[in-house]
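Listed below, chain by chain, are the residues.
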Amino acid sequence: MHSPTLLTFVLTALLASPSFAALYTSPSQLPRSSYDYVIIGAGTAGNVLAARLTENPFTSVLVLEAGVDDAGVTAAIIPFLGPTLTPNTPWDWNYTVAAQTGLDGRSFPYPRGRLLGGCSSANYMVHQYGSTEDYDKLAADTGDSGWSWNNIKQYIYKHEKIVPPADGHDTTGQYTPANHGTNGQVLVSLPGYSQTIDAKVIAATQQLSAEFPFNPDMGGGDVRGIGWNQQSIGNGVRSSSSTSYLRNAINRPNLSVLLNATVMKLLQTGTKKGLPDFSGVKFASSSTATPSTVWATKEIIVAAGSIGTPQILMLSGIGPKADLQALGIQTIINNPSVGRNLSDHVLLPNIFNAQGSESLDNLMRDPAVFNAALTEYTNSKTGPLANGVTNNLGFLRLPSTASIFSTVPDPATGPTASHWEMIVSNFWLNPGVPQPPTGSFMTIISALISPTSRGFVKLVTANPFDHPIIDPNMVTTAFDKFALREAVKAVKRFVAAPSFADYITGPYGSTAGTSDADIDAHVRALSSTVFHPVGTAAMSAAGAQWGVVNPDLKLKGAYGVRIVDASVLPTLPNAHTQGPVYLLAERAAAIIKAGNNNNVVESS
């Protein structure tokens, strides 16, 4: 997507970015070795917990972050440059997936943010919450009404601060103000730079309203239809859990944050009511560094994400017994659900040739064009760099009469939830595939929202510094293949709308295929990840014979450990996952502060 010359220039550009004063880089700097709470991971969820728990000045919290500071990382500040943060950079865990049997045996990068803010500092900043049915299903499945939409939506107003877009345009009709917070932590805005295709997309929702209706706001629990993107951007700058929750709390004397701290294992320190009790965390800065240990007097909160969390659990002897024994790890809790049930949204770029020079392709091709945009951004935080990669997107369903439903049940979380997402970008957007040196393009990504394929995370060795096997097992079920095939056909119907007649000249590359066989080959050749893994430490009802955490997010079969990150979500939400994880973390903090009671009903 980006030329090496421009990328080098961008990453060496200097922009003002405040640095946190109370961060530590060595265990020897920590003021103590024991805290009320030790949080593993300063990512999307971890920073919410750190900020909320330390609102009580008598509660001490340590956050252990394996990565680096995000301050001064230019690509984590300028929104349009978000895609340059991963893969194969110092700010990424630099994972790759196992060969995907459903995708022609391909392996590809699996980006995960490895810096303060985690993936909220490295994602593409799309900010949504999902369908009401995502939460109502979770509440029904776990037996905890606190996870229902009617309860969870209160945290939107604690979390979100909706602000004007970077260009200051009138947003009337582009969102519903009542759905959003105005005094929260993370800044959220509508698109801050008009792309020439915006009007064409909205016009197409009128011309083809039966199949592609307009949705005035996907942030209120009804996701169906196409509308305007909401982004974690404020004043032309990325807003992450680090620049919001953590920045607002970092100078509290009861909060410590340690960088470069890779957790090696949780330490059992005894038993309680016949169950293992964990209160120690062993960590080190590298495989050759001397390990250190810290202690939690109340809880260890694991917030290391859908890859890191199951890896830490298994290294600690919590997981499938046979797998642990094979690596010489003593099993403390035999739980076959740890690391299983990995699910992810599938990303499929459908690229079309465009005429004229209205696309943004030259922005990352031509140094003169980029330099002009950078000058505008530096002077006023406006222009194309102040915006994300998409202005319009939407969530859609297969028809209820689709032939696939005669053989498989509908996997959506409910009858108004979606099966796939459409994401529109006015330039070449194909992760991992270089931008052609010439040409203008429009990309419409088909993202599979309700896949039925499930994969796993599994240890390769007992070394915490070795990456685990990550196998999302993408597009291996009849439903997933059918849904993506139909999504490609739907995208082609969308761009056939009259509003695109003077812009789109035809499909590019394998997008041109028309037969089912051609489309299936296109799916296998280009599909990868939207970077939304969930489910590897899944939440289930108390007493269930599967799952890793109870509805209060406490680790099953143990004392002293709670898990708060996307790994606890048993199914994928109808949203890019940062929004749901923020709400998850807000409720987790409320549960903890209310006394760790199960089925607690919180007040706003």
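The structure this text deals with has already been given above.
Every residue gets a number counted from 1 within its own chain, in the order that chain's sequence is written. For this predicted model, a pLDDT threshold of at least 70 governs which residues receive local features, and a threshold of 80 or more governs which side-chain atom pairs are given and counted, while totals over whole chains, interfaces and linings are taken from all residues. Only hydrogens and water are removed before side-chain values are computed, so all heavy atoms of the structure are retained for them.

Can you walk me through the overall build of the protein chain in this structure?
Here a strand is any run of E in DSSP of at least two residues, a helix any run of H or I of at least four, and the numbering for each starts at the N terminus. Of the regular secondary structure elements, the protein chain holds 13 helices and 26 strands. Over its C-alpha atoms the protein chain spans a radius of gyration of 23 Å, differing by no more than 12% from the 25 Å that the globule rule assigns to 604 residues. Note on classification: 1.4 Å probe, protein chains only; a residue is buried when its accessible area is under 20% of the maximum for its type, exposed when over 50%, partly exposed between these limits. Burial status across the protein chain gives 61% buried among its 604 residues. Two residues form a contact once any of their heavy atoms are found within 4.5 Å. Taking as baseline every contact in the protein chain between residues at least 6 positions apart, the subset at least 24 positions apart corresponds to 74%. Carbon together with sulfur atoms contributes 53% to the accessible area of the protein chain, which is approximately 20900 Å² in total. Residues scored as charged are limited to Lys and Arg (positive) and Asp and Glu (negative), so that His and the chain ends carry no count. For charged residues, the charge sits on one atom: NZ in Lys, CZ in Arg, CG in Asp, CD in Glu. Charged side chains in the protein chain number 37 positive and 41 negative. The centres of these two groups are separated by 8 Å. When we talk radius of gyration, it's over C-alpha atoms, and the globule rule is simply 2.2 Å times the number of residues to the 0.38. Note on areas: Shrake-Rupley, 1.4 Å probe, and residue coverage restricted to the protein chains presented here.

Whenever I open this one, the packing of helix 2 (residues 44-53) against helix 13 (residues 578-593) confuses me. Can you help?
Helix packing for two helices is described by the angle between their axes and how far apart those axes are. Interaxial angle, 0 to 180 degrees, is taken between N-to-C directions of lines fitted to C-alpha atoms, where a helix line uses only the stretch in contact. Running from amino to carboxyl end, helix 2 crosses helix 13 at an angle of 35 degrees, the nearest separation of the two axes being 9 Å. Handedness of the helix 2/helix 13 crossing: right-handed. Note on element contacts: helix 13 touches helix 2 through Gln-578, Val-581, Tyr-582, Ala-585, Glu-586, Ala-588, Ala-589, Ile-592 and Lys-593, opposite Thr-44, Ala-45, Val-48, Leu-49, Arg-52 and Leu-53. Each residue gets one label: Ala, Val, Leu, Ile, Met, Phe, Trp, Tyr, Cys and Pro are nonpolar, Asp, Glu, Lys and Arg are charged, and the others, such as Gly, are polar. Residues of the contact of helix 2 with helix 13, tallied by class, amount to 10 nonpolar, two polar and three charged. Throughout, a crossing is termed right-handed when the near helix is turned clockwise from the far one, and left-handed when it is turned anticlockwise from it by less than a right angle.

Quick question: what am I supposed to make of unusual backbone geometry here?
For residues besides glycine, phi is generally negative; the peptide bonds are generally trans as well. Following Thr-86, the chain continues into Pro-87 via a peptide bond in cis, with omega recorded as -10 degrees. Considering the arrangement of structural elements, one finds Pro-87 in the loop between strand 3 (61-64) and strand 4 (95-96). A positive phi angle, close to 55 degrees, is found at Asn-88, a residue other than glycine. Note that Asn-88 resides in the loop between strand 3 and strand 4. A residue is classified by how much of its surface remains accessible, and Asn-88, at 65% relative accessible area, is exposed. With a phi angle near 70 degrees, Met-125 is a residue other than glycine that sits in the positive phi range. Looking at the element boundaries, Met-125 is found in the loop between strand 5 (109-110) and helix 3 (132-142). Exposure remark for Met-125: the relative accessible area of 1% places this residue in the buried category.

Any chance you could explain the nonpolar core here in plain terms?
Within soluble globular proteins, side chains that are nonpolar generally end up buried alongside one another. Counting residues in hydrophobic clusters, the biggest one holds 90 residues, and the most contacted among them are Leu-64, Leu-255, Leu-266, Val-281, Leu-553, Ile-563 and Val-564. Ignoring anything within four residues of it in the chain, the contact list for Val-281 reads Val-38, Ile-40, Leu-64, Val-263, Lys-265, Leu-266, Leu-267, Ser-292, Thr-293, Val-294 and Ile-300. In this text, buried Ala, Val, Leu, Ile, Met, Phe, Trp, Tyr and Cys residues form a nonpolar core when linked through side-chain atoms within 4.5 Å. Counting 36 residues, the second largest nonpolar core, distinct from the first, contains Ile-78, Ala-122, Tyr-124 and Leu-429.

Explain the pattern of salt bridges to me, please; I cannot follow it from the model alone.
Where side chains of opposite charge bring their charged atoms close, a pairing between them can arise. When a carboxyl oxygen of Asp or Glu is within 4 Å of a side-chain nitrogen of Lys or Arg, the pair counts as a salt bridge. Enumeration over the complete set of coordinates arrives at 16 salt bridges. Here Asp-520 makes a salt bridge to Arg-485, at a shortest N to O gap of 2.8 Å. Taken together, the positions of Asp-520 in helix 12 (residues 516-526) and Arg-485 in helix 11 (residues 478-495) put the pair 35 residues apart, joining distant regions of the chain. For Asp-520, a relative accessible area of 19% gives the class buried. Linked through salt bridges whose partners overlap, the residues forming this network are Arg-52, Glu-55, Glu-586 and Lys-593.

Would you take a moment to explain the environment of Phe-278 for this structure?
Within the secondary structure layout, Phe-278 lies in strand 13 (residues 275-284). Between the C-alpha atom of Phe-278 and that of Arg-247, which follows or precedes it by 31 residues, the distance is 29 Å.

Is there a simple way to explain the environment of Ser-60 in this structure?
Locating Ser-60 in the fold gives a position in the loop between helix 2 and strand 3. C-alpha separation for the pair Ser-60 and Pro-83, spaced 23 residues apart in sequence, amounts to 36 Å. Contact partners of Ser-60, with chain neighbours within four places excluded, come to Arg-32, Tyr-35, Asp-36, Tyr-37 and Asn-254.

Please explain the sheet that holds strand 17 (residues 340-342) as it appears in this structure.
Within a sheet, neighbouring strands are paired by backbone hydrogen bonds and run either parallel or antiparallel to one another. Here, strands pair whenever DSSP counts at least two bridges between them. Taken in spatial order, the three strands make up an open sheet running 17-22-23, and their pairing is antiparallel. Edge positions in the sheet fall to strand 17 and strand 23 (469-471), since each has one partner strand and no second. Here the average twist between neighbouring strands, direction ignored, is 35 degrees. Here two bridges tie strand 17 to strand 22 (residues 455-458), and the two strands are oriented antiparallel to one another. Bridging across to strand 22, Leu-342 finds its partner in Gly-455. Relative to the sheet, helix 8 (residues 305-315) contacts strand 22 and strand 23, its axis offset from that of strand 22 by approximately 50 degrees.

I keep staring at the pairing of strand 21 (residues 440-448) and nothing clicks. Help me out?
Among the nine residues of strand 21, nine are classified as buried, and the element is accordingly described as predominantly covered. Bridging between strand 18 (residues 346-354) and strand 21 involves nine bridges; their strand directions are antiparallel. Residue pairing for strand 21: Leu-348 is matched across the bridge by Ser-446.

Quick question: what am I supposed to make of the packing of aromatic side chains here?
The way to describe two aromatic rings as a pair is by their centre distance and the angle between their planes. Geometry of aromatic contacts follows a simple scheme: Phe, Tyr and Trp rings, the Trp one being its six-membered ring, pair when their centres are within 6.5 Å, and the pair is stacked under 30 degrees between planes, edge-to-face over 60, tilted otherwise. Summed over all chains, the structure comprises 11 aromatic pairs. Here Trp-93 and Tyr-95 contribute two aromatic rings whose centre-to-centre distance is 5.8 Å and whose plane-to-plane angle is 5 degrees, an arrangement assigned as stacked. Look at Trp-93 and you get partly exposed, because its relative accessible area is 24%. In this structure an aromatic cluster arises from ring pairing among Phe-212, Phe-494 and Phe-500. In this scheme, the term charge over a ring applies when either NZ of a lysine or CZ of an arginine sits within 6 Å of the ring centre and within 35 degrees of the ring normal. Its end group placed over the ring of Trp-93, Arg-114 keeps NZ or CZ at 4.5 Å from the ring centre.

What is the right way to look at helix 7 (residues 242-249) in this model?
Working note: α-helix, 3.6 residues per turn, so residues spaced by three or four point in the same direction. Buried residues of helix 7: Ser-242, Ser-244, Tyr-245, Leu-246 and Ala-249, and no others. Buried positions along helix 7 lie against helix 2, helix 5 (154-159), strand 7 (186-188), strand 11 (255-258) and helix 13.

Would you mind going over the side chain of Glu-299 with me for this structure?
Its location among the elements puts Glu-299 in strand 14 (residues 292-302). Relative accessible area serves as the criterion here: at 5%, Glu-299 is assigned to the buried category.

Sorry if this is basic, but what is going on with the packing of helix 2 against helix 7 here?
Closest axis-to-axis distance for the helix 2/helix 7 pair is 9 Å, and the angle between their directions is 30 degrees. In terms of axis orientation, helix 2 runs roughly parallel to helix 7. Of the two possible hands of crossing, helix 2 and helix 7 adopt the one that is left-handed. Contact with helix 2, carried on its side by Asn-47, Val-48, Ala-51 and Arg-52, involves Ser-242, Tyr-245, Leu-246 and Ala-249 of helix 7 and no other residues of that element. Split by residue class, the contact of helix 2 with helix 7 holds five nonpolar, two polar and one charged. Comment on the angle field: the value is read as roughly parallel under 35 degrees, roughly antiparallel over 145, roughly perpendicular from 65 to 115, and oblique elsewhere.

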